[in-house]
Amino acid sequence: MLGKTGAGKSSLVCALTGQSDAAIGNGFQPCTRSARSYDFPPEQPLVRFLDTRGLGEAGYEPAEDLEACRDRSHVLLVVCRLDDPVQGMVADALSDIARADGRMRAILVLTGKDLVTDPEARERAERTIAARMTRAAGHELPAVSLSLAPSEDTDVEGLDALRQHLLEALPAAGLLLEKSRSSDAEQVEFEKHKRCVLSYAGVALTSDLAPVVGMVAVPATQLKMLHELGLRYGVKWDRKIGAAFLSTMGLSVGARYATNFGLRELAKLIPVYGQTAGAATAGAISFATTYAIGRAAAYYLYRSSQGSPPSEEELRRVYQRAFRRSSDEAD
């Protein structure tokens, strides 16, 4: 998170995670001399927020902190208050980051929407700050406007837009931070186990970054996830249950997964490409595949426990939707 002191970064973390101000305040820990980090969920972290403190403060030189945070970040949230037109320090920092890492994905978060009550003035402020950050980044940034006043409800519409941008930029974070409004009993039940599936998907991602290792580690991670899901749904995941699940999933899905997995592992052995783009793509797809398998397994276990096992078409639809939502590599 890149922004001046008082831009609303901590309030933004509160809104995204649903944690209280006290929990967020106590949860932030120093990660450099001036920057801080917050892990969510605290008990089993899947996302880390890095807060660049002090931008705009007299006598503060942010270069060291920015470098440390940049090296550990996947998405940059540029946080600016709409009632504060002086954003030169933020724009300069963004420009430095863009020059050092042109691939860094960035989202512009405009806070204080409630502080600029005149619609024309608010729109003018949005355009001005967006234009400044576009010049700094070298390309247009997706932008959302939020009201994060403690005494008012969060601007749900704006927050939903931010969650969608996060889902597109970093599926793991977007899936974790999205807010479910489903009244469907199966979906409500899955929300209880979603972090478990995301945790295993994260392990699959990191395991699949190295050549050959992923060929053993990823399937083992997925199998362990299926066993844990079985326990969570009150079903022992054994060969019989596994065979029934795979049968319902359909041979075409299994064959396509096996073929793609083998090709990804071979790609990682190609010099240079395999250690960079090939490995990154393999990791991203292993994350998406593991999440999709977990989501489909949860659906299968729930429906089976209710005495109405899903059809092959239903289960395949659940798998494919979960894969698309958890992978920015999917079409």
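Since this is a predicted model, take the numbers as computed values, not measurements. (Residues numbered from 1 in each chain as written. Predicted model: local features only at pLDDT ≥ 70, side-chain atom pairs only at ≥ 80, totals over all residues. Heavy atoms only, no water.)

## Focus: the pattern of salt bridges
A side chain of one charge can pair with a side chain of the opposite charge if their charged atoms are brought near each other.
Thinking step 1. Under the criterion given, the structure shown has 17 salt bridges.
Thinking step 2. Here Lys 9 makes a salt bridge to Asp 51, at a shortest N to O gap of 2.8 Å. Highlighted residues: Lys 9 in helix α1 (residues 9-17) and Asp 51 in strand β4 (residues 47-55), separated in sequence by 42 residues. Across this residue pair, the class does not change: Lys 9 and Asp 51 are buried.
Thinking step 3. Taking the shortest distance from any N to any O, the salt bridge between Arg 163 and Asp 160 comes out at 3.3 Å. Taken together, the residues Arg 163 and Asp 160, both in helix α6 (residues 156-169) and three residues apart, mark about one turn of the helix.
Thinking step 4. Ionic contacts of the salt-bridge type, sharing partners, join the residues Lys 9, Arg 36 and Asp 51 into one network. (Salt bridge = Lys/Arg side-chain N within 4 Å of Asp/Glu carboxyl O. Helix = DSSP H or I, 4+ residues; strand = E, 2+ residues; numbered from the N terminus. Buried < 20%, exposed > 50% of the residue type's maximum accessible area, 1.4 Å probe, protein only.)

## Some thoughts on the packing of helix α10 (residues 239-249) against helix α13 (residues 312-325)
Thinking step 1. α13 packs onto α10 with a crossing angle of 85° between their chain directions and a minimal axis gap of 7 Å. Considered as vectors, α10 and α13 are oriented roughly perpendicular to each other. In contact with Phe 245, Ser 247, Thr 248 and Met 249 of α10, α13 contributes Glu 312, Leu 315, Arg 316 and Tyr 319.
Thinking step 2. Per-class residue counts for the contact of α10 with α13 are four nonpolar, two polar and two charged. (Axes fitted to C-alpha atoms, helices over the stretch in contact; angles between N-to-C directions. Parallel < 35°, antiparallel > 145°, perpendicular 65-115°, else oblique. Contact = heavy atoms within 4.5 Å. Nonpolar A, V, L, I, M, F, W, Y, C, P; charged D, E, K, R; others polar.)

## A few points about the pairing of strand β6 (residues 105-111)
Thinking step 1. Within β6, six of the seven residues are buried, which leaves it mostly tucked inside the rest of the structure.
Thinking step 2. Two elements, strand β5 (residues 75-81) and β6, share seven bridges in a ladder whose sense is parallel. Pairing of Leu 76 across the sheet is with Ala 106, part of β6.
Thinking step 3. In this view, the connection linking β5 to its parallel neighbour β6 by way of helix α4 (residues 88-100) has right-handed handedness.
Thinking step 4. As defined by bridge partners, β6 adjoins strand β7 (residues 143-145) across three bridges and the pair is classed as parallel. Of the residues in β7, the one forming a bridge with Val 109 is Val 144.
Thinking step 5. Between the parallel elements β6 and β7, the chain passes through helix α5 (residues 119-137) in a crossover that is right-handed. (Pairing = 2+ DSSP bridges. Right-handed = clockwise from strand over helix to strand, strands pointing away.)

## Some thoughts on the pairing of β5
Thinking step 1. In terms of burial, β5 is a largely internal element, six of the seven residues being buried.
Thinking step 2. Inspection of the sheet shows strand β1 (residues 2-4) paired to β5 by two bridges, in the parallel sense. The residue of β5 that forms the bridge with Leu 2 is Val 78.

## As for the environment of Lys 236
Thinking step 1. By the element assignment, Lys 236 lies in the loop between α9 (213-232) and α10.
Thinking step 2. For the pair Lys 236 and Leu 226, spaced 10 residues apart in sequence, the C-alpha separation works out to 9.6 Å.

## A short note on the confidence of the model for the chain
Thinking step 1. In this model, the chain carries a mean pLDDT of 81, and residues with pLDDT of at least 70 account for 81%.
Thinking step 2. Between the elements of the chain, mean pLDDT differs from a low of 47, seen in helix α11 (residues 251-267), to a high of 95, seen in α5.
Thinking step 3. Of the regions scoring below 50 in pLDDT, residues 261-280 engages in 38 contacts with residues more than four places distant in sequence or in other chains. (pLDDT = per-residue confidence, 0-100.)

## Some thoughts on unusual backbone geometry
Trans is the common state for peptide bonds, and a negative phi is the common state for residues other than glycine.
Thinking step 1. With omega at -10°, the peptide bond leading from Phe 40 into Pro 41 counts as cis.
Thinking step 2. Tracing the chain through its elements places Pro 41 in the loop between β3 (36-40) and β4.

## Focus: the nonpolar core
Thinking step 1. The biggest cluster of nonpolar side chains holds 58 residues, and the ones touching the most others in it are Leu 12, Phe 49, Leu 77, Val 109, Leu 162 and Phe 245.
Thinking step 2. If you tally residues by element for this core, the top one is helix α12 (residues 277-305), at 11 residues.
Thinking step 3. Residues in contact with Val 109, not counting those within four places in the same chain, are Leu 12, Leu 77, Val 78, Val 79, Cys 80, Val 144, Leu 146 and Leu 162. (Core = buried A, V, L, I, M, F, W, Y, C linked by side-chain atoms within 4.5 Å.)

## Considerations on the environment of Pro 85
Thinking step 1. On the secondary structure map, Pro 85 appears in the loop between β5 and α4.
Thinking step 2. Here Pro 85 falls in the exposed class, since its relative accessible area comes to 69%.
Thinking step 3. As for Pro 85 and Ala 125, which are separated by 40 residues in sequence, their C-alpha atoms are 7.4 Å apart.

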